[in-house]
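Analysis of the macromolecular model
So you can see what is in the structure, the chains are spelled out below.
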Amino acid sequence: MKNKRVNAVVIGAGAGGGIVAKELAVSGLSVVLFERGKWPVYDEHPTDELISQRTEVLDSPFGPDHIKNPRVVVEADGRRRIVTPISGGYSNNAACVGSGTVSYGAMAWRFMEEDFQLKTVYGHVEGSTLEDWPISYNNLEPCYEKAEWEIGVSGDDGLNLFAPPRRNKQPMPSFEYNPEGELIYNAAKRLGLHPFPIPMLRNSVRYNNRPACIRNRTCCGFACPVDAKNGTHNTVIPTAMSTGNCEVRTQCMIAEIVVDDKGQAAGVNYFDSKNNGHFQPADIVVVSGGAIETARLLLNSKSKLFPRGAGNNYDWVGRNLQGHAYTGAFGLFDYDILDLAGPGATVALCDFNHHNPGMVGGGLLANEFNRLPYLYSNIRPPGSARWGIDHKKFQYEMYRRTSQVVGPIQEMPAFDSRVTVDENVKDYWGLPVARLSGSRHPLDYENCKFLSAKAEKILKEAGAYHTWQSVGGKGLSGGQHQAGTARMGNDKKTSVVNRFGQVHEIDNLFIADGSLMVNNGGFNPALTIMALGYWVGDYIATNFSSTKFRAG
Amino acid sequence: MVAGGLMFMPCCRYPEQPYRFLSTEEADCIIALTEQIIPRDNYPGATDAGVIYYIDRQLSSVFHYDQQTYRNGIRSMQKACNEKYKRLFQDLQVPVQIKMMEEMEAGNLNSYNWPGGNLSSFFNLVMKHTMQAFYGSPIHGGNKDYVSFEMLQIDYPLVIGQNRYNT
Ligand SMILES: Cc1cc2nc3c(=O)[nH]c(=O)nc-3n(C[C@H](O)[C@H](O)[C@H](O)COP(=O)(O)OP(=O)(O)OC[C@H]3O[C@@H](n4cnc5c(N)ncnc54)[C@H](O)[C@@H]3O)c2cc1C
Ligand code: SF4
């Protein structure tokens with residue numbers, strides 16, 4: 001059966017894609033939203049640490065299938081290693097309707113004004129492709145607001161001294177601190193810092209006809225059993241469907257964006273759940289597969305005018321792969337400080353995001369999400385027993401007495417940190433898989449040391465009797481905060497898309513996900529990706545009717 | 001729970017063979033090893049928690065690619081124990097077992113059929129699996145009756161304030 005032509009195909013029902021689909025559907029465009037995964041099931045793995053999106057020991061409950069979707073990782077010494085979502089090193093986010101927004105920790109950060117102008121603020125960084133964004137914080141501000149109100153955020157940026165300017169407050173009141181948060185809050189205050197409650201894409205009160213959070217222990221890495229966590233799967237995607245203009249086609253793997261000989265996107269080739277191949281024609285195509293899969297799909301979409309992949313005539317697709325090196329410190333207390341109510345992270349500070357002496361960028365610090373027992377069995381001060389009776393004693397004596405203050409460091413974009421495709425390794429459908437290579441910029445490790453030292457100082461001030469740092473920032477980037485592989489820019493020779501997410505030289509091909517980001521901030525990226533979804537979606541919806549983005 | 005599940009296993013040719021992948025002798029070795037990784041004290045240890053059932057079950061499914069590592073690792077361990085003490089690992093006194101494990105962890109024991117390799121990676125693998133089994137969810141074969149959750153005084157079900165343990 002031949003598919004009917006639609007106005008828009010959106011590839012990937014995650015943070016960016018779900019929002020674009022909704023923006024287009026409500027403006028009257030006919031949309032097919034493709035997702036390779038399924039609708040998330042809430043009650044299959046509600047408490048199972050080994051099958052959670054946090055540890056992925058035995059499986060990834062929200063995808064992708066670990067047998068069908070290998071990737072290749074190139075080690076520092078040049079060795080190639082095949083990885084899967086459960087083998088480690090895969091940089092998995094998720095693959096289901098909602099993607100990472102189903103099981104994320106749900107921190108809801110706006111980037112700061114500086115994050116959009118890093119080069120202007122800090123100048124050129126040797127060995128980095130650091131650049132200003134072609135859009136400013138002010139451009140994106142209304143989109144952040146839309147994300148906060150339509151998806152749903154609890155928070156009070158009025159309490160954050162370093163928060164960027166905003167026209168409206170967040171829709172729900174902020175969450176209270178847990179005992180650990182209280183402790184960190186007071187210590188940070190005494191040190192002259194400016195802690196505040198973490199803004200969250202979770203309901204502190206009933207919102208959008210869904211209940212308030214009940215503090216379940218398993219939050220980050222799991223779906224919320226009472227549906228108090230807000231993602232695209234329980235907000236914008238249902239809205240898009242309710243217009244009657246949007247069909248969500250799940251378990252469909254997009255193999256290729258078909259670009260015709262005139263250099264325009266004609267539609268997509270895909271495999272359905274029974275592995276039958278189809279073509280879906282469309283006026284425009286929007287790619288929202290997440291930073292790694294979007295780059296892979298573009299590279300796998302070769303055509304006459306774009307023989308190295310769609311939008312890749314200048315070899316920028318897949319470049320500048322960033323993530324977040326997590327860095328911080330642990331502290332041991334001689335009394336219980338954790339109540340293990342969900343999600344665990346409650347307090348943050350932005351004192352170190354920018355303007356640190358001698359540094360470029362920085363990162364936020366926050367107390368960490370609940371560490372479940374298996375994860376915790378790996379957390380010990382350097383030199384401690386890794387097994388045996390002492391290891392076990394530590395587990396039951398210190399489980400509620402260990403605090404962790406951590407944050408995502410602003411990574412310096414590196415040209416050789418990249419996604420390519422490996423022609424020799426194919427996935428289940430016979431498509432060349434994503435290959436991750438390169439490494440982080442050397443400055444990242446230096447910045448991590450700085451932030452970890454600050455975290456340790458806070459823990460000491462809070463009364464920890466023993467502290468140690470865990471410093472990140474070396475090796476391959478990527479991970480759950482993957483970003484940057486289809487950079488926005490004004491110059492087609494040094495970027496992949498223009499300021500509206502439109503691929504240079506392919507007017508009816510757009511990108512709307514983490515790949516657009518010129519840099520990844522010192523913040524978890526989801527809210528910014530959502531804002532970018534609104535930014536790109538609004539642009540398409542406003543301008544579609546005149547030309548349908550088709551020349552001639 | 002574990003024994004109940006076995007009745008539905010068509011692959012069991014011998015009724016007395018309680019494992020899917022490991023032989024009884026191999027399993028005895030792993031049981032002894034995991035018991036020293038998480039020993040019984042006032043709280044249950046790895047054997048009480050059924051760690052072996054987790055390992056055996058995962059080796060015959062998700063972790064099938066680790067099968068050879070286990071087979072080789074166990075053989076090499078037993079060879080080293082035989083050379084030094086003329087005993088199987090599981091028959092050694094606990095302090096001697098711990099000494100052997102420290103040697104393995106430090107990389108001082110060579111692997112049987114890949115000379116030049118040593119047993120520390122095998123040890124690390126068993127250690128990781130033991131932690132998963134003991135601290136993970138009981139539905140995967142270990143942490144029998146939620147013994148580790150009870151040890152950590154974690155409420156179960158997860159909703160805070162609804163502790164259903166019989167303490
Ligand atoms: C455990 C966890 C905790 C997190 N915590 C936070 C947090 O606290 N705060 C925060 O800001 N962020 C957090 N994140 C990260 C956040 O979820 C991601 O940044 C965000 O979802 C990325 O959005 P995206 O649109 O770029 O891609 P995604 O949301 O990953 O969407 C991509 C979608 O495209 C689909 N797709 C890809 N390729 C194809 C194809 N070829 N055919 C069909 N479909 C395809 C994928 O299956 C996926 O569903 C967390 C993530 C995880 C997993
Ligand atoms: S803490 Fe629990 S109830 Fe609250 S949002 Fe997270 S999963 Fe839902």
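Thresholds, definitions, all that
- Residues numbered from 1 in each chain as written.
- Chains lettered and ligands numbered in written order.
- Predicted model: local features only at pLDDT ≥ 70, side-chain atom pairs only at ≥ 80, totals over all residues.
- Heavy atoms only, no water.
- Helix = DSSP H or I, 4+ residues; strand = E, 2+ residues; numbered from the N terminus.
- Rg over C-alpha atoms; globule rule 2.2 N^0.38 Å.
- Buried < 20%, exposed > 50% of the residue type's maximum accessible area, 1.4 Å probe, protein only.
- Contact = heavy atoms within 4.5 Å.
- Areas by Shrake-Rupley, 256 points an atom, 1.4 Å probe, with all protein chains shown as cover.
- Lys, Arg positive; Asp, Glu negative; His and termini not counted.
- Charge placed at Lys NZ, Arg CZ, Asp CG, Glu CD.
- Buried area = accessible area lost by both parts, 1.4 Å probe.
- Salt bridge = Lys/Arg side-chain N within 4 Å of Asp/Glu carboxyl O.
- Pairing = 2+ DSSP bridges.
- Axes fitted to C-alpha atoms, helices over the stretch in contact; angles between N-to-C directions.
- Near = heavy atom within 4 Å.
- Polar contact = N/O pair within 3.5 Å; in protein donor to acceptor, adjacent residues only side chain to side chain.
- Phe/Tyr/Trp six-rings, centres within 6.5 Å; stacked < 30°, edge-to-face > 60°.
- Lys NZ or Arg CZ within 6 Å of the ring centre and 35° of its normal.
- Expected span 1.5 Å × (residues − 1).
- Disulfide = S-S within 2.5 Å.
- Parallel < 35°, antiparallel > 145°, perpendicular 65-115°, else oblique.
- Nonpolar A, V, L, I, M, F, W, Y, C, P; charged D, E, K, R; others polar.

Moving on, we come to the overall build of chain A. Per the secondary structure count, chain A includes eleven helices and 17 strands. Relative to the compact-globule value of 24 Å for 552 residues, chain A shows a C-alpha radius of gyration of 22 Å, a close match. Its C-alpha atoms put chain A at 70 × 55 × 45 Å along the principal axes. Looking at the 552 residues of chain A, the share that counts as buried comes to 65%. Long-range contacts, defined here as pairs at least 24 residues apart, represent 73% of the contacts in chain A between residues at least 6 apart. Looking at chain A as shown, the accessible area adds up to about 19,000 Å², and 50% of this sits on carbon and sulfur atoms. If the 56 positive side-chain charges of chain A are averaged to one point and the 56 negative ones to another, these points end up 3 Å apart.

Time to look at the interface of chain A and chain B. Many descriptions give the size of an interface as the accessible area lost when the pieces come together. The interface is formed by 31 residues belonging to chain A together with 40 residues belonging to chain B. Area buried by chain A at its contact with chain B is led by R217(A), W387(A) and K392(A), which between them contribute 27% of it. Here chain A is connected to chain B by two salt bridges. Where K392(A) meets D41(B), a salt bridge forms, and the shortest distance between an N and an O atom there is 2.8 Å. At the level of elements, helix 8 (373-376) and helix 9 (388-398) of chain A are the ones that each hand at least two residues to the side of chain A that touches chain B. No other element matches the six residues that helix 9 of chain A contributes to the side of chain A that touches chain B.

A few words now on the sheet that holds strand 4 (residues 80-83) of chain A. Residue and element names in this part refer to chain A. One open sheet accounts for four strands, arranged 4-3-15-14; its pairing is mixed. Looking at strand neighbours, the two that pair on one side only are strand 4 and strand 14 (418-426), the edges of this open sheet. Direction aside, neighbouring strands of the sheet carry axes that sit 35 degrees apart on average. Pairing of strand 14 with strand 15 (residues 432-437) involves six bridges; the strand directions are antiparallel. Of the residues in strand 15, the one forming a bridge with R418 is S437.

The subject of this paragraph is the site of ligand 1. All names here are of chain A. By nearness alone, 36 residues border ligand 1, and G16, E35, R36, S99 and A526 come closest of all. A15 is positioned with one of its backbone polar atoms (N or O) 3.0 Å from an oxygen atom of ligand 1. Measuring from an oxygen atom of ligand 1, one finds a side-chain N or O atom of E35 at 2.6 Å. Taking 1,000 Å² as the accessible area of ligand 1 by itself, protein coverage stands at 98%.

This part is about the environment of H278(A). Residues and elements named next belong to chain A. Checked against the element boundaries, H278 lands in strand 9 (residues 277-287). For the pair formed by H278 and V268, sequence separation is ten residues and the distance between their alpha carbons is 8.3 Å. One polar contact links H278 to D272, side chain to side chain, over a distance of 2.8 Å.

Residues and elements named next belong to chain A. Applying the stated rule across the entire model yields 29 aromatic pairs over all chains. Ring centres of F111 and W133 lie 6.4 Å apart, and the angle between their planes is 85 degrees; this geometry places the pair in the edge-to-face category. Placement of the pair is F111 in the loop between helix 2 (100-103) and helix 3 (118-122) and W133 in the loop between helix 3 and helix 4 (137-152), with a sequence separation of 22 residues. Take F111: its relative accessible area is 0%, and that puts it in the buried class. For W133, a relative accessible area of 6% translates into the label buried. Aromatic ring contacts, followed pair by pair, group W109, F111, F116, W133, Y137, Y144, F196 and F523 into a single cluster. Sitting over the ring of Y428, K68 keeps its end group 4.5 Å from the ring centre. Seen from the ring of F175, R202 lies directly overhead, with NZ or CZ sitting 4.0 Å from the centre.

Right, let's get into the sheet that holds strand 13 (residues 402-408) of chain A. All names here are of chain A. A sheet is described by the order of its strands in space; here six strands give the open sequence 5-11-12-13-10-16, paired in antiparallel fashion. What marks the edges here is a single partner per strand, and that holds for strand 5 (196-197) and strand 16 (466-470). Along the sheet, helix 5 (residues 179-190) makes contact with strand 11 (347-349), strand 12 (365-367) and strand 13, crossing strand 13 at roughly 65 degrees. Across the sheet, helix 10 (residues 442-461) lies against strand 10 (326-332), strand 11, strand 12, strand 13 and strand 16, angled at about 25 degrees from strand 10, the strand it touches most.

Moving on: the side chain of D115(A). Residues and elements named next belong to chain A. In this structure, D115 sits in the loop between helix 2 and helix 3. We note that D115 is buried and unpaired, the nearest opposite charge coming from R110 at a distance of 12 Å. At 2.8 Å, the side chain of D115 and the backbone nitrogen of M112 are in polar contact. Side chain to side chain, D115 and H354 meet in a polar contact 2.8 Å long.

Residues and elements named next belong to chain B. Its 19 residues place the ends of helix 4 (residues 67-85) 27 Å apart at the C-alpha level, agreeing with the 27 Å of an ideal helix rising 1.5 Å per residue. Within the sequence span of helix 4, burial applies to Y70, N72, G73, I74, S76, M77, Q78, A80 and C81. Turning to helix 4, the residues buried within the fold contact helix 2 (24-37), helix 3 (51-59), helix 5 (94-105) and helix 6 (120-135). Downstream of helix 4 by one or two residues, K86 has phi in the positive range, about 55 degrees.

Another point: the state of the cysteines. Residues and elements named next belong to chain A. In the structure shown here, the tally under the stated rule is zero disulfides over all chains. Just so you know, C246 is unpaired, no disulfide at all, and the nearest cysteine sulfur is the one on C252, 13 Å from it. Among the residues examined, C246 registers a relative accessible area of 8% and is labelled buried.

Before going further, it helps to examine helix 4 of chain A. Helical periodicity: at 3.6 residues per turn, an α-helix aligns residues three or four positions apart in one direction. All names here are of chain A. Taken together, the buried positions of helix 4 are occupied by Y137, L140, E141, C143, Y144, E145, A147, E148, I151 and G152. Considering only its buried residues, helix 4 is in contact with helix 1 (15-26), helix 6 (236-242) and helix 11 (526-547). Between the side-chain oxygen at the start of helix 4 and the backbone nitrogen of N138 there is a gap of 3.2 Å, and the oxygen is on S136.

Residues and elements named next belong to chain B. Interhelical geometry of helix 2 versus helix 4 gives an angle of 80 degrees and a closest axis separation of 10 Å. As the angle between them shows, helix 2 and helix 4 are arranged roughly perpendicular. Where helix 2 abuts helix 4, its residues E26, C29, I30 and L33 lie against Y70, R71, I74, M77 and Q78. Across the contact of helix 2 with helix 4, the residue classes tally to six nonpolar, one polar and two charged.

What follows is about the side chain of N178(A). Residues and elements named next belong to chain A. Among the secondary structure elements, N178 is positioned in the loop between helix 4 and helix 5. On the accessibility criterion, N178 (11% relative accessible area) is buried. A polar side-chain atom of N178 sits 2.8 Å from the main-chain amide nitrogen of G181. Engagement of the side chain of N178 in a polar contact is seen with the backbone oxygen of G344, the distance being 2.7 Å. Apart from residues no more than four positions distant in its own chain, N178 is found in contact with D339, G344, T346 and N367.

The next point concerns the pattern of salt bridges. All names here are of chain A. Using the criterion set out here, one finds 40 salt bridges over all chains in the structure. In this structure, E141 engages R110 in a salt bridge whose closest nitrogen and oxygen atoms are separated by 3.0 Å. Of this pair, E141 sits in helix 4 while R110 sits in the loop between helix 2 and helix 3, and the two are 31 residues apart along the sequence. For the pair E141 and R110, a shared accessibility class is recorded, and that class is buried. Here the salt bridges share partners, and the residues they tie into one network are R110, E141, E145, E148, D157, R166 and R167.

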